[in-house]
Amino acid sequence: MSDSGDSDVAWTYYKDRPEWNDVTPVPEDEGPNQVVVIAHSEKFVDVYDYFRAVLQNNERSERALHLTKDAVELNPANYTVWQYRRDLLKALGTDLRSELDYVELVIKNSPKNYQVWHHRRVLVEWLQDPTQELELTRDALLQDPKNYHAWQHRQWAIKAFGLYDRELEFVDNLITEDVRNNSAWNQRYFVINNHHGWSDLNVQREICYTLEKIKFIKNNESAWNYLRGVLLHDKRGVSGNAVVTSFCEELYKNKCRSPYLLAFLIDICDEAIKKEETSCLHNANRAVELCQALAGKYDKIRSKYWNYMCEKFKKFQQDENNKDTADKIDE
Amino acid sequence: MDFATKDVNLKPDRPTTLLIEKHSDYLAKYGTNKDDYEYCMTEYLRMSGIYWSLTAMELMGQSHRMPKEEIISFISSCQNKENGGISASFPHDPHILYTLSAVQVLTMYDRLDAIDVDGVVEYIKGLQQEDGSFFGDKWGETDTRFTFCAVMCLSLLHRLDAINVDKAVQFVLSCMNFDGGFGSKPGSESHAGLIYCCVGTLSICKKLDVLKVDDLAWWLCERQLPSGGLNGRPEKLPDLCYSWWVMSSLTMLNRIHWVDNAKLEEFILACQDAETGGFSDRPGDIPDPFHTLFGLAGLSLLGNSDLIKPVNPTYCMPQETINRLKLEPQILKKV
């Protein structure tokens, strides 16, 4: 929310400006509902009363363009002000470069706002010039590395104008900065998926990269999720990649009990069961044991989920045991 | 090993019971404080404000405290005569977000006669794009939120046939991520609010079966923090509105019991303002109608209070309204 500007002593109300005396202001509640408005912020009401007036008259003028700036300053989330401003920019043939600079300033002050970023995007589309977008979004992400709007804008610019070249480097820096930055991990997936592709080599490289990061901090939801995402592109799945399975078993042996590790081991067991490739480590018994550990000790808050999973595996366990018995009888 | 988690601590003096009368007073008063700076500031989303307040009041059985006729004539005045869309407030431009809010309010009042329904249908139809997605308005921002708005709005009007539903569903599925969740556009990060929009769209279109249900439900469960509250993405602070977005999604997936309901309820109750009434995003913050609705709706899903009516998880409207409209959004079978 922007400053109401009450402290701004040099401010002249629109109602006191001679160049505006031909316009009749339109208060918000004119129309169906008559309500007495006692302004908390006179400046706000004054600006928006005049804004409504020019909007209603569809006035196309420099003074209206200037008025939208005041209206934006008071409330950058007002979508109608921005729409009207774009209509004016088109109608008046305003220099879009200076508009680009202007919206950059607004973004710096209100980086979490749909309207400002959308305005930016329309300008870049009109100009067909994305040269400043990576820097702009980088600055916003330095301030808030998870700013959804900035990420959306960055992805759009990268995709629309093919700006992939140095993106992996950018993502790597963010992950190094904060290994739990889920947005950065998502961006990593976006870049590989849309640009580098999931060749065997890339899959293996991404696995190694992720395992390194997990080694550094084990209890990291984002990295474990990314690992699953990469393995979607590995024909061997989560259970068939020896690098991954031995990494996990090694962690387990070294007493790591991060819920994410245990959950991943359960996924390995689950897949092994489904593929009928169970082993002494990865089978229904192990999965049951892990579910019980999670429900009872390491992830109690989600015990209902783990109990549900546990029941699921108990059925497989029975099948496995029956099969063992049947095999023995056959022998 | 680093187990640091971003979370809040619930204070011992937090509210632990539902202060229903306070909330009713808070919302009844909210609309009348038109001299309030905050009220002026929220003009651009007035229509949604009315939806949040009215739905919250309906859930508490207190909607008679809202100025019904004034609201209905306000909505009529916000419909654009040329394109049929509805704006947040007069004379703003129409937008799909406020068109939905207006239709939700009018269906709760059973007063769709107050607007030109065909106009609304044409407006929404005109926003659908070749790839199945929807613009939010004529300026061409696309987002899975707008798909949900379009589909929900048309289903409330029993006019889903006006758009290409298969393509709308295809677009939503193109936004599914490797973690089973959904973002705003293809490739955008999974986010609980947008997951609600996508799961809601699939629920209305009866296509929930295409989801990777257990992956998605687990991701949603992972949003619960030790305080009991839910966040919207990994490593973010809990926020009351996610109680709605996560829990409604889990309800549609019929896995609401996977979250620790008792701890969540404690968190929601702690977000009440014991002085002014209303709920805020986190304990101790300033309340607003948006969080007040999602606090009450979240409690409704948890189902432990006789004071709150059942809410429909897909529409975020009273179940009785959805029943009256004979709508049957899909809910997966219990596991």
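Residues numbered from 1 in each chain as written. Chains lettered and ligands numbered in written order. Predicted model: local features only at pLDDT ≥ 70, side-chain atom pairs only at ≥ 80, totals over all residues. Heavy atoms only, no water.

With respect to the overall build of chain B
- Helices and strands together make up the secondary structure of chain B, namely 14 helices and two strands.
- For a compact globule of 335 residues, the expected C-alpha radius of gyration is about 20 Å, and chain B comes in at 19 Å, within 12% of that figure.
- Once the C-alpha set of chain B is aligned to its principal axes, its extents read approximately 60 × 45 × 35 Å.
- Out of the 335 residues in chain B, the part that is buried amounts to 66%.
- Within chain B, counting contacts between residues at least 6 apart in sequence, those at least 24 apart form 68% of the total.
- On chain B, roughly 11900 Å² of surface is accessible, and the fraction owed to carbon and sulfur atoms is 51%.
- Charge separation in chain B, taken as the distance between the mean sites of 31 positive and 45 negative side-chain charges, equals 3 Å. (Helix = DSSP H or I, 4+ residues; strand = E, 2+ residues; numbered from the N terminus. Rg over C-alpha atoms; globule rule 2.2 N^0.38 Å. Buried < 20%, exposed > 50% of the residue type's maximum accessible area, 1.4 Å probe, protein only. Contact = heavy atoms within 4.5 Å. Areas by Shrake-Rupley, 256 points an atom, 1.4 Å probe, with all protein chains shown as cover. Lys, Arg positive; Asp, Glu negative; His and termini not counted. Charge placed at Lys NZ, Arg CZ, Asp CG, Glu CD.)

Section: the overall build of chain A
- From N to C terminus, chain A includes 15 helices and zero strands.
- Computed over the C-alpha atoms, the radius of gyration of chain A is 29 Å, more than 25% above the 20 Å expected from 2.2 N^0.38 for a compact globule of 331 residues.
- Over its C-alpha atoms, taken along the principal directions, chain A stretches across nearly 105 × 45 × 30 Å.
- When burial is assessed residue by residue, chain A has 56% of its 331 residues classed as buried.
- Residue pairs in contact within chain A that sit at least 24 positions apart in sequence constitute 65% of those at least 6 positions apart.
- Total accessible area computed for chain A in this model is approximately 15500 Å², and 50% of it derives from carbon and sulfur atoms.
- For chain A, the distance from the average site of its 44 positive side-chain charges to the average site of its 54 negative ones is 6 Å.

A look at the packing of helix α5 (residues 96-109) of chain B against helix α7 (residues 144-156) of chain B
All names here are of chain B.
- Between α5 and α7, the least distance of the axes is 9 Å, while the angle of their chain directions is 30°. With respect to α7, the axis of α5 lies roughly parallel. In this structure, α5 meets α7 at a crossing whose hand is left-handed. Mapping the contact onto sequence places Ile 96, Leu 97, Thr 99, Leu 100, Val 103, Gln 104 and Thr 107 in α5 and Arg 145, Phe 146, Cys 149, Ala 150, Met 152, Cys 153 and Leu 156 in α7.
- For the contact of α5 with α7, the per-class residue count stands at 10 nonpolar, three polar and one charged. (Axes fitted to C-alpha atoms, helices over the stretch in contact; angles between N-to-C directions. Parallel < 35°, antiparallel > 145°, perpendicular 65-115°, else oblique. Left-handed = near helix turned anticlockwise from the far one by under 90°. Nonpolar A, V, L, I, M, F, W, Y, C, P; charged D, E, K, R; others polar.)

Observations concerning helix α12 (residues 242-253) of chain A
Residues and elements named next belong to chain A.
- In a regular helix each residue adds 1.5 Å, so 12 residues correspond to 16 Å; α12 covers 16 Å between its end C-alpha atoms and thus fits that length.
- Of all the positions in α12, only Val 244, Thr 245, Phe 247, Cys 248, Glu 249, Leu 251 and Tyr 252 are classed as buried.
- Buried residues belonging to α12 abut α10 (200-216), α11 (221-231), α13 (259-274) and α14 (284-298).
- The backbone nitrogen of Val 243 lies 3.0 Å from a side-chain oxygen of the residue at the head of α12, namely Asn 241.
- Just downstream of α12 lies Lys 255, where phi reads positive at about 75°. (Expected span 1.5 Å × (residues − 1). Polar contact = N/O pair within 3.5 Å; in protein donor to acceptor, adjacent residues only side chain to side chain.)

Considering the packing of aromatic side chains
- A full pass over the atoms with the stated rule returns 34 aromatic pairs over all chains.
- Connected via pairs of aromatic rings, a cluster forms that spans Trp 52, Phe 148, Tyr 196, Tyr 242, Trp 244, Trp 245, Phe 290 and Phe 294 of chain B.
- In this structure, Arg 17 of chain A packs its charged tip against the face of Tyr 14 of chain A, placed 3.9 Å from the ring centre.
- Across the ring face of Tyr 252 of chain A, the terminal group of Arg 257 of chain A is positioned such that the distance to the ring centre comes to 3.7 Å. (Phe/Tyr/Trp six-rings, centres within 6.5 Å; stacked < 30°, edge-to-face > 60°. Lys NZ or Arg CZ within 6 Å of the ring centre and 35° of its normal.)

Regarding the side chain of Thr 314 of chain B
- Along the chain, Thr 314 of chain B falls in the loop between β1 (311-312) and β2 (317-318).
- Looking at Thr 314 of chain B, the relative accessible area reads 0%, which means it is buried.

Brief notes about the pattern of salt bridges
- A full pass over the atoms with the stated rule returns 43 salt bridges over all chains.
- Close ionic contact of Glu 212 of chain A with Lys 215 of chain A constitutes a salt bridge, the shortest N to O distance being 3.3 Å. Taken together, the residues span about one helical turn, with Glu 212 of chain A and Lys 215 of chain A both in helix α10 at a distance of three residues.
- With its nearest N and O atoms 3.1 Å apart, the salt bridge here joins Asp 214 of chain B to Arg 255 of chain B. One end of the pair, Asp 214 of chain B, is in helix α10 (residues 213-221); the other, Arg 255 of chain B, is in the loop between α11 (240-252) and α12 (261-270), and 41 residues separate them in sequence.
- Owing to a relative accessible area of 6%, Arg 255 of chain B belongs among the buried residues under this scheme. (Salt bridge = Lys/Arg side-chain N within 4 Å of Asp/Glu carboxyl O.)

Things to note about the nonpolar core
- By size, the foremost hydrophobic cluster in this structure holds 218 residues, and its most contacted members are Trp 306 of chain A together with Leu 156 of chain B.
- The element that contributes the greatest number of residues to this core is α13 of chain A, accounting for 10 residues.
- For Leu 156 of chain B, the residues in contact, after removing those within four places along its chain, are Leu 100, Val 103, Gln 104, Thr 107, Tyr 315, Met 317, Ile 322, Leu 325 and Leu 327 of chain B. (Core = buried A, V, L, I, M, F, W, Y, C linked by side-chain atoms within 4.5 Å.)

Digging into the state of the cysteines
All names here are of chain A.
- All told, the structure shown has zero disulfides over all chains when counted by the stated rule.
- Take Cys 208: it sits in no disulfide, and the sulfur closest to it among the cysteines is that of Cys 248, at 13 Å.
- With no disulfide partner, Cys 248 has as its closest neighbouring cysteine sulfur the one in Cys 256, 9.3 Å distant. (Disulfide = S-S within 2.5 Å.)

Observations regarding the interface of chain A and chain B
- Of the residues lining the interface, 71 residues belong to chain A; the matching set on chain B comes to 68 residues.
- Counting each side, the surface lost to burial between chain A and chain B is near 6000 Å², with a carbon and sulfur contribution of 56%.
- By the criterion of area lost to chain B, the three top residues of chain A are Tyr 79, Tyr 148 and Ile 301 of chain A, representing 12% of everything that side buries.
- Run the count over chain A and chain B and you get four salt bridges.
- Salt-bridge contacts for Arg 180 of chain A lead to Glu 235 of chain B; the nearest nitrogen and oxygen are separated by 3.8 Å.
- Put simply, the parts of the chain that give the side of chain A that touches chain B at least two residues each are α1 (42-57), α3 (79-92), α5 (114-127), α7 (148-161), α9 (182-196), α11, α13 and α15 (303-330) of chain A.
- For the side of chain A that touches chain B, the residue count by class is 30 nonpolar, 21 polar and 20 charged. (Buried area = accessible area lost by both parts, 1.4 Å probe.)

Examining the confidence of the model for chain B
- Scored by pLDDT, chain B comes out at a mean of 94, with 96% of its residues at no less than 70.
- The ipTM assigned to the predicted complex is 0.91, against a pTM of 0.91. (pLDDT = per-residue confidence, 0-100.)

Some details on the packing of α3 of chain A against helix α4 (residues 96-109) of chain A
Residue and element names in this part refer to chain A.
- Viewed as axis vectors pointing N to C, α3 and α4 meet at an angle of 165°, and their least axial separation amounts to 12 Å. Classified by the interaxial angle, the pair formed by α3 and α4 is roughly antiparallel. Between α3 and α4 lies a crossing of right-handed hand. Facing Trp 82, Arg 85 and Leu 89 of α3, the residues of α4 in contact are Leu 96, Glu 99, Tyr 102, Val 103 and Val 106.

Describing the side chain of Asp 46 of chain A
Residue and element names in this part refer to chain A.
- Tracing the backbone shows Asp 46 in helix α1.
- No salt bridge forms around the buried Asp 46; measuring N to O, its nearest opposite-charge neighbour Lys 15 is 5.1 Å away.
- Within polar-contact distance, the side chain of Asp 46 engages the backbone nitrogen of Tyr 14 at 2.5 Å.
- Excluding anything up to four places from it in sequence, Asp 46 contacts Trp 11, Tyr 13, Tyr 14 and Lys 15.

Considerations on the environment of Arg 52 of chain A
Residues and elements named next belong to chain A.
- Of note, Arg 52 is situated in helix α1.
- The exposure class assigned to Arg 52 is buried, which follows from its relative accessible area of 5%.
- Residues Arg 52 and Thr 24, spaced 28 residues apart in sequence, show a C-alpha to C-alpha distance of 9.7 Å.

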